[in-house]
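# Secondary and tertiary structure notes
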Amino acid sequence: MSDNGRKSPPAAGLSRRGFLKGMGTGLVGSTALADGLLGQQASGAAPKAASRGQDIESAVVSLTVNGKKYTAEVETRLTLLDLLREKFQLTGTKSVCRMGECGACTVIMNGRTVYSCMLLAIEADGAKIETIEGLAKDGKLHPVQEKFIEHDAYQCGFCTPGFEMSLKDLLDKNPNPSLDEIKHGLAGNLCRCGAYPHIFNAALDLAGGKKGGR
């Protein structure tokens, strides 16, 4: 969902290929993050170390989730997924493989889909996050959610939040994707129940296309 869509339009959840590429970025980001944390530590800001010379154990992160600002002190090893679910009680983002393979934990961070299980919470400091809880507005489901229901595009439902976030991101960037573009954009999300034809039909309906998602 990245190289094939997640990191450049048409975007969707992070694909395996995209994730591997992203690891390079992650290393760069980690370096920048370390610099940032060290800088904060030098200025007496949030990051805490057990004692002088030891690794940083916790840090205060602030991020905006679905338009609401959150701040929390977290262990530096905590993932964004666990921050959302355990600290903020936003459990719509599912924890499934925790290996960056299934896409169930897909969220949109700063306009790009990411696997929240593969990002540290401290890497999301200052970011704008969209989760499945933010799709419905004023008691009305998002069109993506409505079409998933209409086309019966789910079975067990564990993968559904990730698929819907990936599809939302795809449609935000490409309102009229072809079937191939939809498949490409959702390539980073896996459905063990095999509801792909229904999911693709829901996406095509949103894109104004024809049914036949196989």
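Our structure's up above, just so we're on the same page.
These numbers were taken from a predicted model, which means no experiment stands behind them.

Here is what the cut-offs are and how they apply
- Residues numbered from 1 in each chain as written.
- Predicted model: local features only at pLDDT ≥ 70, side-chain atom pairs only at ≥ 80, totals over all residues.
- Heavy atoms only, no water.
- Helix = DSSP H or I, 4+ residues; strand = E, 2+ residues; numbered from the N terminus.
- Buried < 20%, exposed > 50% of the residue type's maximum accessible area, 1.4 Å probe, protein only.
- Contact = heavy atoms within 4.5 Å.
- Arc of directions from axis to C-beta.
- Core = buried A, V, L, I, M, F, W, Y, C linked by side-chain atoms within 4.5 Å.
- Expected span 1.5 Å × (residues − 1).
- Disulfide = S-S within 2.5 Å.
- Patch = residues over 30% accessible without salt bridge, like charges linked within 9 Å, V, L, I, M, F, W, Y side chains within 5 Å.
- Areas by Shrake-Rupley, 256 points an atom, 1.4 Å probe, with all protein chains shown as cover.
- Salt bridge = Lys/Arg side-chain N within 4 Å of Asp/Glu carboxyl O.
- Phe/Tyr/Trp six-rings, centres within 6.5 Å; stacked < 30°, edge-to-face > 60°.

Below, the discussion takes up the overall build of the protein. Along the protein, the regular secondary structure elements total six helices and six strands. Counting from the amino terminus, helix and strand elements in the protein follow one another as α-β-β-β-α-β-β-β-α-α-α-α. Per-residue burial over the protein gives 47% buried out of 214 residues. Contacts spanning at least 24 positions in sequence make up 53% of the contacts within the protein whose residues lie at least 6 apart.

All buried positions along helix H3 (residues 143-150) are accounted for by Val144, Gln145, Lys147 and Phe148. The arc enclosing the buried residues of H3, seen along the axis, measures out at 165°, which places them on a common side. Tucked into the core, H3 has its buried residues touching helix H4 (160-173) and helix H6 (196-206).

Judged by nonpolar contacts, the single largest core of 22 residues is most densely connected at Leu63, Leu80, Leu83 and Phe88. Mapped by element, the contributors of at least two residues to this core are strand S2 (56-65), strand S3 (68-75), helix H2 (80-87) and strand S4 (106-109). Among the elements that take part in this core, S2 stands out by supplying four residues, more than any other. For Phe88, the residues in contact, after removing those within four places along its chain, are Leu63, Val65, Tyr70, Ala72 and Leu83.

For H4, spanning 14 residues, the distance from its first C-alpha to its last is 20 Å, which sits close to the expected 20 Å at 1.5 Å a residue. With respect to burial, H4 is a largely interior element, 12 of its 14 residues being buried. Inspection of H4 places Thr160, Pro161, Gly162, Phe163, Glu164, Met165, Ser166, Leu167, Lys168, Asp169, Leu170 and Leu171 among the buried residues, and these make up the whole buried set. Among the structural elements, S4, strand S5 (112-115), strand S6 (128-130), H3, helix H5 (179-185) and H6 are those in contact with the buried residues of H4.

All right, on to the state of the cysteines then. Here a disulfide denotes a covalent bond joining the sulfur atom of one cysteine to the sulfur atom of another. All told, the structure shown has zero disulfides when counted by the stated rule. Of all cysteine sulfurs, the one in Cys102 lies closest to Cys97, which takes part in no disulfide; the gap is 3.7 Å. For Cys193, which is in no disulfide, the shortest distance to another cysteine sulfur is to Cys156 and amounts to 3.8 Å. Under the relative-accessibility criterion, Cys193 is labelled partly exposed at 31%.

On the surface, a nonpolar cluster with roughly 250 Å² of combined accessible area is contributed by Leu141, Ile149 and Tyr154. Mapped onto the fold, Ile149 is located in helix H3. The class of Ile149 is partly exposed, set by a relative accessible area of 48%.

On to the packing of aromatic side chains. Applying the stated criterion across every chain yields a total of three aromatic pairs. When the centroid spacing of 6.1 Å and the interplanar angle of 75° are considered together, the rings of Phe163 and Tyr196 count as edge-to-face. Of this pair, Phe163 sits in helix H4 while Tyr196 is found in helix H6, placing the two residues 33 residues apart along the sequence. You can call Phe163 buried: its relative accessible area is 1%. Every member of this aromatic cluster is reached through a ring pair, and the members are Phe163, Tyr196 and Phe200.

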